[in-house]
Amino acid sequence: MEKWRCFVAVPVPPALRASLASEVGRWSDEREAPNLRWTDPAGWHVTLAFLGWQDSTLVPALVDVLKAPVAAAVPATLEGAALGAFPTPRRARVVWYGISDPVERLGRLAAAVRSALTPLVPQLVDESAFRAHLTLARARDERGTNLTAWLATHAAPAGSLAVDRVVLYRSHLGGGPARYEELESLPVGVNAGVEASVHG
């Protein structure tokens, strides 16, 4: 039985992707650029739940349980916030672009998605400290790198993330950067009855 590496995420719209990609290209060309492995802009997304390796035959059932929480969510437009690093700027292993989520629309959507998926994916990690972000780079040194000074002198462009669809993705690994295949795209809020715009 074939195993697929899957996750659920909100895709990054073209305008935000283009402006971020332009900045990342400039940062990576800097003379004193930090020792980072920049991610492929084509794969940028805001992860709601990471499912890990699943039987491919489970995909239709995964899609079915995702429909209700996604349909019940309220569409929103969220603003890009700032650059940051996990776990800390001093020991950065991941550089991220944050999404402002002041009333936790994405946070509540992520929690509802994980709750719906857990009966099918019992090992699903409970990301209780959900932080809306997309990953721009990873440190080449697995111990992390000190990006305190770099982050203090760099700012990400403003941009908007439309939370209007949720995608079940499959990761393809090996032979270069990971490639992400859309298995199913579900519209947000078809049962919500309203749309909301949130700026923060």
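Sequence order as written defines residue numbering, which begins from 1 separately in each chain. Local features in this predicted model are restricted to residues whose pLDDT is 70 or higher, and side-chain atom pairs enter the listing and the counts only when it is 80 or higher, whereas totals over whole chains, interfaces and linings include all residues. To obtain the side-chain values, all non-hydrogen atoms of the structure were included, while hydrogens and water were left out.

A. Geometry of helix α2 (residues 59-72). For α2, which comprises 14 residues, the first-to-last C-alpha distance of 21 Å matches the rise-based estimate of 20 Å (1.5 Å per residue) to within 8%. In this structure, the buried side of α2 is in contact with β1 (3-11), β3 (45-55), α3 (105-117), β8 (165-172) and β9 (179-187). In DSSP terms, a helix is any run of H or I states spanning at least four residues, a strand is any run of E spanning at least two, and both are numbered starting from the N terminus. Working rule for helices: expected span equals 1.5 Å times residues minus one. We call two residues contacting when some pair of their heavy atoms lies within 4.5 Å.

B. Molecular detail of the pattern of salt bridges. The term salt bridge refers to a pairing of a side-chain nitrogen on Lys or Arg with a carboxyl oxygen on Asp or Glu at a separation within 4 Å. A full pass over the atoms with the stated rule returns 6 salt bridges. Residue D141 is joined to R143 by a salt bridge in which the shortest nitrogen-to-oxygen separation is 2.9 Å. Burial classification: accessible surface area is computed with a 1.4 Å probe over protein chains only, and a residue below 20% of its type maximum counts as buried, one above 50% as exposed, and the rest as partly exposed. Judged by its relative accessible area of 66%, R143 is exposed. Note that R165 is salt-bridged to E182, the shortest N-O span being 3.3 Å. With R165 in strand β8 and E182 in strand β9, this pair connects stretches of sequence that are 17 residues apart. The partly exposed category is assigned to R165, whose relative accessible area is 28%.

C. Up close: the sheet that holds strand β2 (residues 36-38). When DSSP locates at least two bridges between a pair of strands, those strands are taken to pair. Sheet architecture is open: 5 strands sit in the order β2-β6-β5-β4-β7, paired in antiparallel fashion. Each having just a single partner strand, β2 and β7 (160-163) make up the two edges of the open sheet. Taking the axes of each pair of neighbouring strands and ignoring which way they run, one obtains an average angle of 35° across the sheet. Summarising the sheet, strand β4 (residues 76-86) and β7 pair through 4 bridges and their orientation is antiparallel. Lines are fitted to the C-alpha atoms to define the axes, a helix being fitted only along its stretch in contact, and any angle between axes, read from their N-to-C directions, falls within 0 to 180 degrees.

D. Seen up close, the packing of aromatic side chains. In summary, the pairing rule links any two rings of Phe, Tyr or Trp, Trp by its six-membered ring, whose centres are within 6.5 Å, and it sorts them by plane angle into stacked for under 30 degrees, edge-to-face for over 60 and tilted for everything else. A complete count under the given rule lists 6 aromatic pairs for this structure. Between F7 and Y169, the aromatic rings sit 5.0 Å apart at their centres with planes inclined by 15°, giving stacked as the arrangement. Pair noted here: F7 is in strand β1 and Y169 is in strand β8, with a separation of 162 residues, a long-range link. Looking at Y169, the relative accessible area reads 7%, which means it is buried. Feature note: the residues F7, Y169 and Y180 constitute an aromatic cluster, connected by ring pairs.

E. Representation of the confidence of the model for the protein. The share of residues in the protein with pLDDT of 70 or more is 94%, and the mean pLDDT across the chain is 91. In this model, residues 194-200 is a region of pLDDT below 50 whose contacts with residues beyond four sequence positions or in other chains number 23 contacts. Scored between 0 and 100, pLDDT is the confidence that the predictor attaches to each residue.

F. Spatial organisation of the pairing of β9. Here β8 runs beside β9; their pairing, made up of 8 bridges, is antiparallel. Along β9, the bridge assignment pairs H172 with R179. Counting the residues between successive antiparallel strands, the hairpin from β8 to β9 contains 6 residues, one of them, G174, with a positive phi of roughly 95°.

G. Spatial organisation of the pairing of strand β5 (residues 94-99). Of all 6 residues in β5, 6 are buried, a share of seventy percent or more. By the alternation rule, side chains of β5 split into V94, W96 and G98 and V95, Y97 and I99, which are all buried. Judged from the 5 bridges that link them, β4 and β5 form a sheet pairing that is antiparallel. Bridged to G80 within β5 is I99.

H. Highlighting the side chain of T39. In this fold, T39 is placed in the loop between β2 and β3. When its relative accessible area of 17% is taken as the criterion, T39 is described as buried. Any pair of N or O atoms that falls within 3.5 Å is considered a polar contact. Within protein, one atom must be able to donate a hydrogen and the other to accept it, and sequence-neighbouring residues count only if both atoms are side-chain atoms. Separated by 2.9 Å, the side chain of T39 and the backbone oxygen of T135 make a polar contact. Beyond its immediate sequence surroundings of up to four residues, T39 is in contact with W44, T135, L136, A137 and R138.

I. Representation of α3. Compared with the 18 Å implied by 1.5 Å per residue over 13 residues, the 18 Å span of α3 between its first and last C-alpha is a close match. Buried residues of α3: L106, G107, L109, A110, V113, R114, A116 and L117, and no others.

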